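Fold and geometry: a report
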Amino acid sequence: MSFLPRFPAMGQIALVGAGPGAADLLTIRALRRIEAADVIFHDRLIDPEVLALSPARKVFVGKEVGANAWPQTRINAVITAAALSGLKVVRLKSGDPSIFGRAAEELDAARAAGIPIEIVPGITAASAAASALGRPLTERGQTERLVIATATCRPGTVATLAIAPGTTLALYMAMHRLAEVEAELMAMGVPPESDVQIVQSAGCENQRIVECTLHGMANAAAGFANPAIVLVRWTAPAMVGEWTMQRSSITC
Ligand code: SAH
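Residues numbered from 1 in each chain as written. Predicted model: local features only at pLDDT ≥ 70, side-chain atom pairs only at ≥ 80, totals over all residues. Heavy atoms only, no water.

Some thoughts on a nonpolar patch on the surface
A contiguous nonpolar surface patch, about 310 Å² in accessible area, is contributed by Phe100, Leu146, Ile148 and Met173. You can see Leu146 is positioned in strand E6 (residues 145-150). (Patch = residues over 30% accessible without salt bridge, like charges linked within 9 Å, V, L, I, M, F, W, Y side chains within 5 Å. Areas by Shrake-Rupley, 256 points an atom, 1.4 Å probe, with all protein chains shown as cover. Salt bridge = Lys/Arg side-chain N within 4 Å of Asp/Glu carboxyl O. Helix = DSSP H or I, 4+ residues; strand = E, 2+ residues; numbered from the N terminus.)

What about the site of the ligand?
As a matter of local geometry, the ligand sits amid 18 residues, with Asp96, Ile99, Thr124, Ala202 and Ala228 nearest to it. In this structure, Ala125 approaches the ligand through a main-chain N or O atom, which is 2.9 Å from an oxygen atom. Between the ligand and Asn226, the relevant distance is 3.2 Å, taken from an oxygen atom to a side-chain nitrogen or oxygen of the residue. Starting from 540 Å² of accessible surface for the ligand in isolation, the protein chains cover 94%. For the shell around the ligand, the per-class residue count stands at 12 nonpolar, 5 polar and 1 charged. Per-domain counts for the shell around the ligand show at least three residues from each of domain 1 (12-120) and domain 2 (125-251). (Near = heavy atom within 4 Å. Polar contact = N/O pair within 3.5 Å; in protein donor to acceptor, adjacent residues only side chain to side chain. Nonpolar A, V, L, I, M, F, W, Y, C, P; charged D, E, K, R; others polar. Domains from an automatic or database assignment.)

Overview of helix H6 (residues 178-187)
For an α-helix, the turn length of 3.6 residues means that residues three or four places apart are oriented alike. All buried positions along H6 are accounted for by Leu178, Val181, Glu182, Glu184 and Leu185. Phi for Gly189, located one or two positions after H6, is positive at around 105 degrees. (Buried < 20%, exposed > 50% of the residue type's maximum accessible area, 1.4 Å probe, protein only.)

Let's talk about the sheet that holds strand E3 (residues 57-60)
Within the open sheet, the 5 strands sit side by side as E3-E2-E4-E1-E5. Their pairing is parallel. Each edge of the open sheet carries a strand with a single partner, namely E3 and strand E5 (117-120). Mean inter-strand twist for the sheet, computed between neighbouring axes without regard to direction, equals 20 degrees. By the bridge criterion, 4 bridges tie strand E2 (residues 39-42) to strand E4 (residues 88-93) in an arrangement that is parallel. The residue of E4 that forms the bridge with Phe41 is Arg91. Of the strands in this sheet, strand E1 (12-17), E2, E4 and E5 are in contact with helix H1 (residues 28-36), which crosses E1 at around 135 degrees. Contacts from helix H3 (residues 72-84) reach E1, E2 and E4, with the element oriented near 150 degrees to E4. (Pairing = 2+ DSSP bridges. Axes fitted to C-alpha atoms, helices over the stretch in contact; angles between N-to-C directions. Contact = heavy atoms within 4.5 Å.)

All quantities given are derived from atomic positions and should not be read as evidence of function.
Below, the structure is given as C-alpha cells:
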C-alpha cells in the first residue's frame, strides 16, 4: 500500500471544429473526440444535433443574445482546470477552430499548464458557402487567390486589405457593417459590378442565399442576419487569359 498522494491523471484538450452547423459536416475525427469527451465547452452557433452525439456534460461558454459573453480568460481557466482534473475536454467551436476562433489564447493557456492540446479542423463557413452555391471559391483564370478576412475588428479594417484583381474575398462577421464594407471596397478600386454572394446559415436547413453586385450589396442583403458570410469576387481582367493563350499558341 502506498502512502504517496494520488494525483489524477492529466487530461487533455481538443479544440474541435464543429463545421457550419450540420451534424453530417463534422469530420470523423471531430466525431470521435466528441463521442469520447467527458465535458464539452461550446459556443452559441453549435447545432443541438451535434451536441446530442455525446453523453458528455455540456457547458455553454458563448454569448447569449443580449447578454455578456464569457470573458476569454475565464474560458481559458475553466478548460485548463477541467483537463488538470483528469478530464477529456472538447472545446467545440463553429467552423474551423483556427479561423476567427480565439484558438491562440486557449492553446497558450493549455501549453502554459503543460496540458496536451490539439486542433481538430472543421469545415469553415467559406467552404460551406461554396457548397451551398455549387460554385468554387477559386476559379481558374478568374480568381486564383482567396482572402479570408473579418470585417469586425474596427472601422476601416477592410480598407487595409491588400487585395488585387483575381481575388475572392471571404468576409466573416460582416453583416452589421455591410454598407461601410461596400463603400470601403469600392473606394479601394474593387469594381462596383463585381459578383457578390451572401450565404446565411450555409450548410444548415435554414440556409438562405442572395446574389448581387458589390454596388447595392447592403440593400440586397436587407433581412439577412448572422451567421452569414459574404463572398466578393474581384475577377482578373479577361486579357490575362487571352494573352496566355496567344503566347502558348506561338510557342507550341
Ligand atoms: N470558426 C468559424 C468562424 C467563426 S466567426 C468558421 O471557420 O467558420 C463567426 C462568423 O462565421 C459569423 O459571423 C459568420 O460570418 C461565419 N459563419 C459561421 N457559421 C456560418 C454559417 N453556417 N453560414 C454562414 N456563415 C457562418
